[in-house]
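Descriptive structure summary
Chain by chain, the residues:
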Amino acid sequence: GPPAPEKVEAPPTTPKLLVAIERTPCFGRCPIYRAELFDDGTLVFDGKRFTSVQGRREAMLTEQRLQELIARLEKSDFASWKASYEQRGVTDMPSAFITFRDKTIRHYHGDRSAPEALTTLENDLDELLGIQPWIQAKSGDR
């Protein structure tokens, strides 16, 4: 048969951080963790406190899931939201930080000026990253 086309090896590239979500302590038992998704689909989760997975765990996202996640972020108003919603309207609340490509939005959950869609996006990211089961703190009744 005809010779196989020569395979050109791409130089190995260091995976770049694509998306990160981090949740900080509150007064009470809020889950504290950070999850980082790299553009090659590698997911690194670090459960700090009040999470069912403690410490570091890695996973791979499928290409389809990766695309879904990017699409979800791109169709949100992430690009036009402010970088910081950190007014202390209500105290003792947790914060969530989302990074997408080169932008980070810091969202303190006691800031009443923050768009509701931002909170929805945070929850959707947990879902799309597949980390929901790792976050759920164990409760006695399950």
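Each remark here, short or long, concerns the structure printed above.
Throughout what follows, the structure given in this document is the object of discussion. Computed from a prediction, not measured in an experiment: that's the story for all the values here.

Concerning helix α1 (residues 63-75)
For α1, which comprises 13 residues, the first-to-last C-alpha distance of 18 Å matches the rise-based estimate of 18 Å (1.5 Å per residue) to within 8%. In this structure, the buried residues of α1 make contact with β1 (17-23), β2 (32-38), β6 (95-100) and α2 (116-129).

A look at the sheet that holds strand β3 (residues 42-49)
Ordered by their spatial adjacency, seven strands build an open sheet running β4-β3-β2-β1-β6-β7-β5, and the pairing between neighbours is mixed. Where the open sheet ends on each side, the last strands, each with one partner, are β4 (55-60) and β5 (84-85). Those strands touched by α2 are β1, β2, β3, β5, β6 and β7 (103-108), and its axis lies near 110° from that of β1.

Quick word on the packing of aromatic side chains
Ring pairs (aromatic) are described by centroid distance and by the angle formed between their planes. Scanning all chains against the criterion turns up three aromatic pairs. Measuring from ring centre to ring centre gives 5.9 Å for F78 and F100, while their planes differ by 80°; the resulting arrangement is edge-to-face. Note that F78 is positioned in the loop between α1 and β5 and F100 in strand β6, a separation of 22 residues in sequence. Judged by its relative accessible area of 7%, F100 falls in the buried class.

Focus: unusual backbone geometry
Unlike most non-glycine residues, F50 shows phi in positive territory, near 55°. Unlike most non-glycine residues, R101 shows phi in positive territory, near 55°. Inspection of the secondary structure assignment puts R101 in the loop between β6 and β7.

The rules behind these values
- Residues numbered from 1 in each chain as written.
- Predicted model: local features only at pLDDT ≥ 70, side-chain atom pairs only at ≥ 80, totals over all residues.
- Heavy atoms only, no water.
- Helix = DSSP H or I, 4+ residues; strand = E, 2+ residues; numbered from the N terminus.
- Expected span 1.5 Å × (residues − 1).
- Contact = heavy atoms within 4.5 Å.
- Pairing = 2+ DSSP bridges.
- Axes fitted to C-alpha atoms, helices over the stretch in contact; angles between N-to-C directions.
- Phe/Tyr/Trp six-rings, centres within 6.5 Å; stacked < 30°, edge-to-face > 60°.
- Buried < 20%, exposed > 50% of the residue type's maximum accessible area, 1.4 Å probe, protein only.

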